[in-house]
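Chain by chain, the residues:
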Amino acid sequence: MNEAQTACSPFNEDHQSFRQTCRRFVSEKITPRIDEWEANKGYDRSIFPEMGAMGLLGIPYPEEYGGSELDFWYSVVWMEELARCGAAGFPMSTMVHSYMASPPIERFGTQELKDRFMPQIVAGEKITALAISEPGAGSDVAGIRTTAVRDGDHYIVNGSKTFITNGTEADLLTLAVKTDPSQTHSGVSALVFETDTPGFSIGRKLEKLGCHSSDTAELAFDNCRVPVKNLLGKEGEGFYIIMDNFQQERLVGAISAVAGAELIFAKTLEYARSRKAFGKPIGHFQVQRHRFAEIATRIEAARQMAYHATRVFVSGQNAVREISMAKLFCCETGTWVADQCVQTYGGWGYMEEYPAARALRDTRLLTIGGGTSEIMREILSRMVFDGKEYLLPEEGSSTPDTSGPTVSEIFGSLPKRFRSEKAGDLQEVFRFDISGSGGGTWTVQVKEGEMHVREGAHEDPGCSVQTDVDTYVAVETGQIKPQDAFMAGRITVDNIPAMMALSGSLSRLS
Amino acid sequence: MKCVVCLKRVPDTGTRIKIDSSGTAIDDTDVEWIVNPYDEFAITEALTHRGSDGEVIILALGPEETTKEIRTALAMGADQGILLQVQRPPTDPLQTAQVLASALKELEFDLLFFGCRGVDDDNCAVGPMVASILDIPLLSDVIQFDVEGSKATVQRETEGGHEIGNMPLPCGITTQKGLNEPKLPSLPGIMKAKKKPLEIRPVELPDSSLEIVEMSFPPDRPPGKIVGEGADAVPELIRVLQEEAKVL
């Protein structure tokens, strides 16, 4: 770093001193083994206690568990240095352990649970995994089907999970289950699951496109008995416990993406200085030089975005917007940079002898894992276009915000809000199909100056309306203008004059 | 055991060294500084001999910025640091030895540790000079070190072999690669190091009769030569080694 960069850096002297430790640890203990782990399709778990002894697995955690309880910038330093090992798989396994699977235990576990497991997690004696995704449910957490049925002071867990990072090595799972299969979001609970529980099995280790130094597995649960005291938070709070950690998880993704891009770019520059074509190093050709300028600029933009998101996150403010943008931009930049680097290496870029090939396949996961680019764009479009705000649960409280009206409450209120004098000669049957949890189909009939509302599909509708729960509630409670939701394609209506007449005849929801 | 480790701040071995305009010193702008790598063996070894009621003191001579390297040693586990502060570190090892020795006289240590050499000037001189001024035994280039009661047993590297010797305490060693695996400072160690005592004492350097006249880089190595590929190249390779390089 030059002087100006040092002055503008978010890292102080202590962070930098920690960086030296991380850099040496990675270069002495991890980099020499990474090729072997890539070939073996998994790391040697003896590295976890080594990281634990160095304090690398307890950066954010309290001293009582052996952690250092330090600000998130120390974690940023660790992520950036770990990326220098030369593969993205093993760093991902480490990040899952420290920043995805164990935070819910530390934040929502009972004191007894934390005292029991956190010291082992921080020491690297127990490896953790986050088990949410299922063959039929990825981004759609509320759609999981693994069940936990109460039996005295135990739950009986049945079902399966897939795409689980650390799946074959994990001693502990932060496991999402349905404790009430009749419910969607509110039926999800989170358990700490010990993998030596009878009935648990590893289905198979999955073959992946990249990230080979990290194991990924399918897990099966056959009548596994889990003590009720292993519950995180309360029954039915699982969805919010999982959501609560998403911001940190995505920030980790963004920072790691930038660090990985920087590493492969540095190696590519080195190659371009030594590789000769037509009698001179390829880095002397303008076409390559301009490519490097473009890569450097985009990496810098991504880094500053990730750092900015970190600043907002560390300040304790709501960082959903900044983190979603950073996740989207940094991860897409990461995959783009790897692709550009392969191009610079040319034929050798396609060969395993050089690092670009591995970087290309490893980075392909970036825009998929931890929330796809599509999900990031969806969140952001709701924020920038619809004015939606994503509120996070308060510290220490995982209770969902239930103060807003439900869809059925809104439909129940319609007849009372109907003003026949404003309805003119409206005579129509309206069919509302509201998708998502708590939605359903409703029929609203305006006939002879009166309104009748029934759940389900009745009569032949003269006007059909399709939308989702969030949009419908937001429109009815005045958070979004109906025309904005309509323009955004989040409500479709096939008879607009009738719908406008209906809207005009209703007084506001109080 | 009361152990003292003498530590030196040196340019990172990965730094590209430049000579300043005087031609007699290195240009220290843009230089990254580190704990002398051989001193890391010394610190690690001292920590293993500290015992439950002992302590490890880090003693360094250098500019104020050397506190950073002392903190690193404290993060590795040492108990306290003393910086003998000067504007610029001396290039004469005798000056360094004299200043260190006068501070060491007050410390009443059992064991004294030095790296076998500084990777900057490569003099290998300060340790033996200090021991000589203090009139205590010292063995250099140590690769194994055991202390029992008031006697130390030392194995040291010599040209083409090993030598084993005994010394009474207090004594000193200079540490060579192979003695141990240097400890890395852990994150909790870095945090604890901030609260450990670190005393800064400004000192005056004694006169020196040594003068650096000139510094220069070794000449560039001549480029390599590819004589061919595979088995076909062997006759030509032998000819070149015999006739041109004259090594066969």
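Residues numbered from 1 in each chain as written. Chains lettered and ligands numbered in written order. Predicted model: local features only at pLDDT ≥ 70, side-chain atom pairs only at ≥ 80, totals over all residues. Heavy atoms only, no water.

### Concerning the sheet that holds strand β15 (residues 492-493) of chain A
Residues and elements named next belong to chain A.
- Across the sheet, five strands lie side by side as β13-β12-β11-β14-β15; this open sheet has mixed pairing. Bordering the open sheet on either side are β13 (450-455) and β15, each of which pairs with just one other strand.
- Bridge count between strand β12 (residues 440-447) and β13: six bridges; the pairing is antiparallel. Along β13, the bridge assignment pairs Q445 with H452.
- Sitting on the sheet, helix α15 (residues 469-476) touches β11 (428-435) and β14 (463-468), and the angle it makes with β14 is about 105°. (Pairing = 2+ DSSP bridges. Helix = DSSP H or I, 4+ residues; strand = E, 2+ residues; numbered from the N terminus. Contact = heavy atoms within 4.5 Å. Axes fitted to C-alpha atoms, helices over the stretch in contact; angles between N-to-C directions.)

### Some thoughts on the packing of helix α2 (residues 13-40) of chain A against helix α11 (residues 355-363) of chain A
Residue and element names in this part refer to chain A.
- Two elements in contact, α2 and α11, have axes separated by 14 Å at closest approach and are oriented at 60°. Classified by the interaxial angle, the pair formed by α2 and α11 is oblique. Here the hand of the crossing between α2 and α11 comes out left-handed. Every residue of α11 that contacts α2 at I34, D35 and E38 is listed here: R358, R361 and D362.
- Residues of the contact of α2 with α11, tallied by class, amount to one nonpolar, no polar and five charged. (Parallel < 35°, antiparallel > 145°, perpendicular 65-115°, else oblique. Left-handed = near helix turned anticlockwise from the far one by under 90°. Nonpolar A, V, L, I, M, F, W, Y, C, P; charged D, E, K, R; others polar.)

### Re the interface of chain A and chain B
- On the side of chain B, 13 residues touch chain A, which itself brings 16 residues to the contact.
- Together, the buried faces of chain A and chain B total about 1300 Å²; carbon and sulfur atoms form 57% of this surface.
- Per-residue buried area on chain A facing chain B is highest for A:Q20, A:R24 and A:M54; these three make up 35% of the total on that side.
- Inspection of the chain A/chain B interface yields three salt bridges.
- Measuring nitrogen to oxygen at the nearest pair gives 2.9 Å for the salt bridge that ties B:E181 to A:K29.
- For the interface between chain A and chain B, the tally reads five residue pairs in polar contact (both at pLDDT 80 or more).
- In terms of residue count, α2(A) provides more of the side of chain A that touches chain B than any other element does, nine residues in total.
- Classifying every residue of the side of chain A that touches chain B gives seven nonpolar, five polar and four charged. (Buried area = accessible area lost by both parts, 1.4 Å probe. Salt bridge = Lys/Arg side-chain N within 4 Å of Asp/Glu carboxyl O. Polar contact = N/O pair within 3.5 Å; in protein donor to acceptor, adjacent residues only side chain to side chain.)

### Brief notes about the pairing of strand β4 (residues 172-178) of chain A
All names here are of chain A.
- Burial analysis of β4 places seven of its seven residues in the buried class, the great majority of the element.
- Judged by which residues are buried, β4 turns out to be covered on both faces: L172, T174, A176 and K178 on one side and L173, L175 and V177 on the other are all buried.
- Pairing geometry for strand β1 (residues 128-131) and β4, over four bridges, is parallel. Looking at the pairing, L130 lines up with T174 of β4.
- The pairing of β4 with strand β5 (residues 188-194) spans seven bridges and is antiparallel. (Buried < 20%, exposed > 50% of the residue type's maximum accessible area, 1.4 Å probe, protein only.)

### Regarding the confidence of the model for chain A
All names here are of chain A.
- Mean pLDDT for chain A: 90, with 95% of residues reaching 70 or above.
- The secondary-structure element of chain A with the lowest mean pLDDT is helix α1 (residues 3-8), recorded at 62, while helix α3 (residues 47-53) shows the highest, at 97.
- Confidence drops under pLDDT 50 across residues 393-402; counting only partners more than four residues distant or on other chains, this segment forms ten contacts. (pLDDT = per-residue confidence, 0-100.)

### Focus: the state of the cysteines
- Counted by the stated rule, this structure contains zero disulfides over all chains.
- In this structure A:C22 is not part of a disulfide, and its nearest cysteine sulfur, from A:C85, lies 13 Å away.
- What makes A:C22 buried here is its relative accessible area of 0%.
- A disulfide-free cysteine, B:C116 has its sulfur positioned 6.1 Å from the sulfur of B:C124, the nearest such atom. (Disulfide = S-S within 2.5 Å.)

### Notes on a negative patch on the surface
- Together, A:E63, A:E64, A:E69 and A:D115 make up a region of like negative charge exposed at the surface.
- Looking at the element boundaries, A:E69 is found in the loop between α3 and α4 (72-82). (Patch = residues over 30% accessible without salt bridge, like charges linked within 9 Å, V, L, I, M, F, W, Y side chains within 5 Å. Areas by Shrake-Rupley, 256 points an atom, 1.4 Å probe, with all protein chains shown as cover. Lys, Arg positive; Asp, Glu negative; His and termini not counted. Charge placed at Lys NZ, Arg CZ, Asp CG, Glu CD.)

### Focus: the domain arrangement of chain B
- When cut into domains, chain B gives domain 1 (2-202) and domain 2 (218-248).
- The straight-line distance from the C-alpha centre of domain 1 of chain B to that of domain 2 of chain B is 43 Å. (Domains from an automatic or database assignment.)

### A look at the environment of A:N318
Residue and element names in this part refer to chain A.
- With respect to the secondary-structure elements, N318 resides in the loop between α9 (286-314) and α10 (320-345).
- Distance in space between the C-alpha atoms of N318 and E389 is 9.4 Å, their sequence separation being 71 residues.
- From its side chain, N318 meets the backbone nitrogen of V320 in a polar contact 3.0 Å long.

### What about the pattern of salt bridges?
Residue and element names in this part refer to chain A.
- All chains considered together, the criterion is met by 47 salt bridges over all chains.
- Across the salt bridge formed by E194 and R116, the nearest N and O atoms sit 3.0 Å from each other. Separated by 78 residues along the polypeptide, E194 in strand β5 and R116 in helix α7 (residues 111-123) bring together distant segments of the chain.
- The buried category is assigned to E194, whose relative accessible area is 17%.
- The network of salt bridges with common partners includes R19, R23, E80, E81 and R84.

### Section: the nonpolar core
- A:F18, A:I30, A:W78, A:F90 and B:I58 are the most contacted members of the largest nonpolar core, which totals 115 residues.
- Once you skip the residues sitting within four places of it in the chain, A:F18 turns out to touch A:L56, A:I59, A:Y74, A:V77, A:W78, B:L187 and B:I190.
- In this structure, A:A423, A:F432, A:V444 and A:V469 belong to the second largest nonpolar core, which totals 29 residues. (Core = buried A, V, L, I, M, F, W, Y, C linked by side-chain atoms within 4.5 Å.)

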